[in-house]
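Listed below are the residues making up each chain.
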Amino acid sequence: MTAVRRTAPVLVAALLLLVCAGRAGAAGYRYWSFWERTGGHWTYATQGPASVRPDDGTVQGFRFTVGADAADAGRPRGTADFGTICADTPAKAGSKRVGLVLDFGTPADAPSGEAPPERRAVCARVPSDASSADALAAVAGPLRYDTNALLCAIAGYPHKGCGEQVSTDRESTAAPESGSPESDSGPSLGLPIGVGVVALLAGAAIWQSRRRRNASG
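Described below are features of the structure shown in this document. All values derive from a computational prediction rather than experimental measurement.

1. Regarding the packing of aromatic side chains
Next up, step 1: As enumerated under the stated definition, the model contains 6 aromatic pairs in all.
Next up, step 2: Judged by centre distance (5.2 Å) and plane angle (85°), the rings of Trp 35 and Tyr 44 are edge-to-face.
Next up, step 3: Note on Trp 35: relative accessible area 0%, which makes it buried.
Next up, step 4: Where Phe 104 meets Tyr 157, the ring centres are 5.9 Å apart and the plane angle is 75°; that geometry is what we call edge-to-face. One end of the pair, Phe 104, is in the loop between β4 (95-103) and β5 (120-127); the other, Tyr 157, is in the loop between β7 (151-153) and β8 (165-167), and 53 residues separate them in sequence.
Next up, step 5: Judged by relative accessible area, which is 0%, Phe 104 ranks as buried.
Next up, step 6: Classification of Tyr 157 as buried rests on a relative accessible area of 2%.

2. Quick notes on the environment of Trp 32
Next up, step 1: Here Trp 32 shows up in strand β1 (residues 27-38).
Next up, step 2: For the pair Trp 32 and Ala 153, spaced 121 residues apart in sequence, the C-alpha separation works out to 7.6 Å.

Rules and cut-offs
- Residues numbered from 1 in each chain as written.
- Predicted model: local features only at pLDDT ≥ 70, side-chain atom pairs only at ≥ 80, totals over all residues.
- Heavy atoms only, no water.
- Phe/Tyr/Trp six-rings, centres within 6.5 Å; stacked < 30°, edge-to-face > 60°.
- Buried < 20%, exposed > 50% of the residue type's maximum accessible area, 1.4 Å probe, protein only.
- Helix = DSSP H or I, 4+ residues; strand = E, 2+ residues; numbered from the N terminus.

Such coordinate-based values are descriptive only and should not be taken to indicate function.
Written out as structure tokens, the structure is:
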């Protein structure tokens, strides 16, 4: 409870900053967005990966993107079928399998001097009570967090930067992209990007707090 109370002022400040910036409409953010596969379509997650406890057979996605809101965020591309992703990972008692689609974005989304790795789909076998953050850590390390526990890098990408504000005076990444099998338009409501980013931050903070408690115990 103490860790959560200490984190609250940071979350409020971050939310206010992001919402105000969104109202100005002059800039977006470069960040890892978190998605859930629902009914054959990607849905922008409203909870952070540390707060979600996926069931066996779940497919989730992470996309490195630049956007001003959820409707502007690029969806994960590539294979998103659990049967395909986890075909070589049989079920095992006491564990669950989570299919993860990792999309490192486009060159236009990349920080200066960096090139996005090839997107990939991996199957994480984790304990039955594991969170999405646990599943990600099991198959896509190294992960990088900032001092406020915001997820900054997956599999070491990008090498630097974390949720920085950038210009959005370019073509939206939400439109269907070349080579993408997805044709859905993503969320119908433009949820403020602050909600998604703060959810990621809050969930990661709680997750790291629990890991520190378990390590000290």
